[in-house]
Number of protein chains: 2
Amino acid sequence: MPIFEQVAILGPGLLGASLAMAVRERQICERIFIWGRKEQRLENCRAMEWCDFADRDLEKVLAGSDLIVCCTPVESIQEMLREMMPKTGKDILVTDVGSVKESICTEAKQASNEESGTFIGSHPMAGSEKSGMEFASGDLFAERTCILTPMEDCPPDRTAKLVEFWELLGMQTLIESPQTHDKIVANVSHLPHLLASSLARYLSQCSKGWMAASGQGLRDTTRVAEGDSGLWLEIMKANQSKLNESLDQWMKSLEEAKEFLRQGDWENLEKFLSEAADWRESLGSGK
Amino acid sequence: MPIFEQVAILGPGLLGASLAMAVRERQICERIFIWGRKEQRLENCRAMEWCDFADRDLEKVLAGSDLIVCCTPVESIQEMLREMMPKTGKDILVTDVGSVKESICTEAKQASNEESGTFIGSHPMAGSEKSGMEFASGDLFAERTCILTPMEDCPPDRTAKLVEFWELLGMQTLIESPQTHDKIVANVSHLPHLLASSLARYLSQCSKGWMAASGQGLRDTTRVAEGDSGLWLEIMKANQSKLNESLDQWMKSLEEAKEFLRQGDWENLEKFLSEAADWRESLGSGK
């Protein structure tokens, strides 16, 4: 049963197009309206079963929408919100899918007036090292986690409605403050990415022939480094201070291991490796 | 067609048992003899289709074997070779499956006399984060790389015979000096393992609830850290100096990224991420 009349999806990239597919498949709204910057891409959207209307004119796409999901790249979300929030009416729910939340939520609050809709940040933990509409899939969100970051003064029924939306897409939901969200993702996502990238960058300077000796382990450890560098730059930029903090903290842990290795302190090195193995086992294999 | 009469496999763990399975399936020898320390485990071997004889008495297992493969944990390979090399005859080929080669090859040379068999180090790049005979599989070696590390004075026909052995198991082979081998694996295997472990160890000290926000990326980046800590300790111990060197070199690359992030030097950070992505793409996805 539809829980919204019309969902506006701004930006038909990997996440936006996957969201439109999933929303249509699960019949969550009557109409799906798409906004994008490039006419060619909008033309592609219009041919899709998951698109009822697509246009470059933001006002036309927003008109009649009771849920607006901003799926543009993270660096343009703030600009979109600045333009959009004053134009949304009281009953409208606005969210995004950006990987950082504090700067975005602050911008949405500042851009809103008394008549504006409700903004609640969302971060669906779904994606791929591939980007672009051609890799979109209606299953992208299923069985993943979505973190919602309502402001302190957010009406609980609005949060509940957005929770319902993501859960209808098969997601588990978590509610955190924007600040805590950014700290969490710095540790569980942005830091691992930077490590994988720095290992890949280092190995890119080693002899190519050596890679014949590499196995699945190296491929797994560095896989995320293949992600779109422009996109990841914007994520790191937007979460600069928290990523810096977790990098510093992790380096203390690495320095410890390095010292055990240098000094031949095998007892402590084994303890270190074994605590790491226990934790990794408890994390599980995922999908 | 069998190329050996009798293959002795010392140590029926994950690698040893998988090797026995693969050798039997591909009919590489007439008889497979197994040596192990624990009677219970030998009893299990005797019930297997890939085992013709299993005993705790090393001499009984070596007698009549024309290929001996030492599959014991890396820390006991040197001790095994010290005991075994003086007892092998001229036509016997001896190898191992250890993850480090310089110390093992040096030991084999020192333990050999004029009448001893030929030792050539082997490092089949195959394994799993699981260990033990119960996880063994005859497909473990197929389509993987095996690095062979003959001494400078090794007769080429002996190397060719061992190359033939590993290739019959479906492996690609590479020939390197023991020193170069150790440097390569420090970079493409031991360093990635230590990084994955240090990330896992660091995250084990963070809030458990945060992990609900983690995705497949974190699971991939840390997967190898689940490997047996005792086994990895021995590998790092045996390759201490070369691992230390590659850790130092990689840290220069990390420090660079850290500085770009701290200073907000986005142009260089994007270049860094993009070089990493290109390299990772060229590595391919593996199996």
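First, a word on what this report is: a plain description of the structure on this page. All residue numbers refer to position in the chain's written sequence, counted from 1. Whichever chain is written first becomes A and whichever ligand is written first becomes 1, with later ones labelled in order. Residues qualify for local features only when their pLDDT is at least 70, as the model is predicted, and side-chain atom pairs are given and counted only at 80 or more; totals for whole chains, interfaces and linings, by contrast, use all residues.

**A word on the sheet that holds strand β2 (residues 29–35) of chain A**
Residues and elements named next belong to chain A.
No. 1: By definition, two strands form a pair when at least two bridges between them are found by DSSP. Elements are defined by DSSP. Helices are runs of H or I of four residues or more, strands are runs of E of two residues or more, and each kind is numbered from the N terminus. Reading across the sheet, the six strands line up as β3-β2-β1-β4-β5-β6 and stay open at both edges, with parallel pairing between neighbours. Either end of the sheet is taken by a strand with one partner, and the two such strands are β3 (53–55) and β6 (118–119).
No. 2: For strand β5 (residues 93–96) and β6, the ladder comprises two bridges, and the chain directions are parallel. Note on β6: the bridge partner recorded for Leu93 is Thr118.
No. 3: With C-beta atoms placed from the backbone, a contact is any residue pair whose C-beta atoms sit within 7 Å. Structural elements are reduced to axes, namely lines fitted to C-alpha atoms, with helices fitted over the stretch in contact, and the angle between N-to-C directions of any two is expressed from 0 to 180 degrees. Sheet strands touched by helix α4 (residues 74–84): β1 (4–10), β4 (67–70), β5 and β6. Its angle to β4, the strand with the most contacts, is close to 145 degrees.

**Examining the relation of the copies chain A and chain B**
No. 1: Copies overlap after least-squares fitting; the atoms used are the C-alpha atoms of residues with pLDDT of at least 70 in both. If you rotate chain A by 180 degrees and push it 0.0 Å along the axis, it lands on chain B with an RMSD of 0.0 Å. Classification of the inter-copy transformation places it as that of a two-fold axis. In terms of C-alpha distance to the rotation axis, chain A has Thr221(A) as its closest residue, with the C-alpha 2.0 Å off the axis.
No. 2: A share of 100% of the interface residues of chain A reappears at the interface of chain B, consistent with the copies meeting face to face through the same patch.

**Some details on the interface of chain A and chain B**
No. 1: Facing 77 residues of chain A, the contacting portion of chain B comprises 77 residues.
No. 2: Mapped onto the side of chain A that touches chain B, the elements with two or more residues apiece are β8 (145–149), α7 (178–203), α8 (216–222), α9 (229–238), α10 (240–263) and α11 (266–283) of chain A.
No. 3: A total of 17 residues in the side of chain A that touches chain B trace back to one element, the largest contributor, which is α7(A).
No. 4: Within the side of chain A that touches chain B, the residues separate by chemical class into 39 nonpolar, 24 polar and 14 charged. Note on residue categories: nonpolar means Ala, Val, Leu, Ile, Met, Phe, Trp, Tyr, Cys or Pro, charged means Asp, Glu, Lys or Arg, and polar means any other residue, Gly included.

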